[in-house]
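Survey of secondary and tertiary structure
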Amino acid sequence: MGSNKVNIDYISLPVMIGFTKGENFRPFVRAVIVPSILLQHNLFNNFFDMGGIIEIGCKLKLKQQFLFTTGLSYQHSFTSYISTEHFPHSFSAHQCITVSAGIHYLISREK
């Protein structure tokens, strides 16, 4: 029995805009446009992919220089990664849901 493995590797350059408000509790919203270029071009995949991300989350100040951050994001491509030349009635888009959490250490330059 044979198996096929396909790697579809893209390099992306996200362009983000966001809004944060607050001092100790900081909710945020981000919108991101994600243009991507396929690293290993083949006949069945489009060379270029355009997607978007929407993210919501919050940052909570723990101590003087520490923040706890959590977020939920949804990513979806606007373009199909399947070539319409070979599959004219097919639309397959990248999509992803990400849950994140982390600790930030703030470096202050003020004296």
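In the block above lies the structure referred to throughout.
Notes on the structure in this doc start here.

Parameters and conventions
- Residues numbered from 1 in each chain as written.
- Predicted model: local features only at pLDDT ≥ 70, side-chain atom pairs only at ≥ 80, totals over all residues.
- Heavy atoms only, no water.
- Salt bridge = Lys/Arg side-chain N within 4 Å of Asp/Glu carboxyl O.
- Helix = DSSP H or I, 4+ residues; strand = E, 2+ residues; numbered from the N terminus.
- Patch = residues over 30% accessible without salt bridge, like charges linked within 9 Å, V, L, I, M, F, W, Y side chains within 5 Å.
- Areas by Shrake-Rupley, 256 points an atom, 1.4 Å probe, with all protein chains shown as cover.
- Buried < 20%, exposed > 50% of the residue type's maximum accessible area, 1.4 Å probe, protein only.
- Pairing = 2+ DSSP bridges.
- Polar contact = N/O pair within 3.5 Å; in protein donor to acceptor, adjacent residues only side chain to side chain.
- Contact = heavy atoms within 4.5 Å.
- Phe/Tyr/Trp six-rings, centres within 6.5 Å; stacked < 30°, edge-to-face > 60°.
- Lys NZ or Arg CZ within 6 Å of the ring centre and 35° of its normal.

1. Side note on the pattern of salt bridges
Scanning the model with the defined rule gives 1 salt bridge in all. With its nearest N and O atoms 3.2 Å apart, the salt bridge here joins Arg30 to Glu55. Linking Arg30 in strand β3 (residues 25–38) with Glu55 in strand β4 (residues 48–63), this pair joins segments that are 25 residues apart in sequence.

2. Comments concerning a nonpolar patch on the surface
A contiguous nonpolar patch, built from Phe25, Leu60, Leu62, Phe66, Phe68, Ile103, Tyr105 and Ile107 and spanning about 830 Å² of accessible area, is present on the exposed surface. Those elements giving two or more residues to the nonpolar patch turn out to be β4, β5 (66–77) and β6 (95–105). Looking at the element boundaries, Ile103 is found in strand β6.

3. Quick look at the pairing of β6
Counting buried residues along β6, only 0 of its 11 residues qualify, which leaves the element largely exposed. Direction of pairing for β5 relative to β6: antiparallel, over a ladder of 11 bridges. By the bridge assignment, Phe68 is partnered in β6 with Ile103.

4. Side note on the pairing of β5
For β4 and β5, the ladder comprises 12 bridges, and the chain directions are antiparallel. Bridging across to β5, Glu55 finds its partner in Ser73. Following β4, the chain reverses through 2 residues before pairing antiparallel with β5.

5. Some thoughts on the side chain of Ser77
Its location among the elements puts Ser77 in strand β5. Given a relative accessible area of 3%, Ser77 falls into the buried group. Within the structure, the side chain of Ser77 is placed 2.9 Å from the side chain of Asp49, a separation counted as a polar contact.

6. Thoughts on the environment of Lys59
Mapping Lys59 onto the fold places it in strand β4. When the C-alpha positions of Lys59 and Thr70 are compared, they lie 6.6 Å apart, and in sequence the two are 11 residues distant. Once residues lying within four places of it in the same chain are set aside, the contact partners of Lys59 are Asn24, Phe25, Arg26, Phe28, Arg30, Leu67, Phe68 and Thr69.

7. Looking at the packing of aromatic side chains
Counted under the stated rule, the structure contains 1 aromatic pair. Taking the ring centre of Phe28 as reference, the NZ or CZ of Lys59 above it sits at 6.0 Å.

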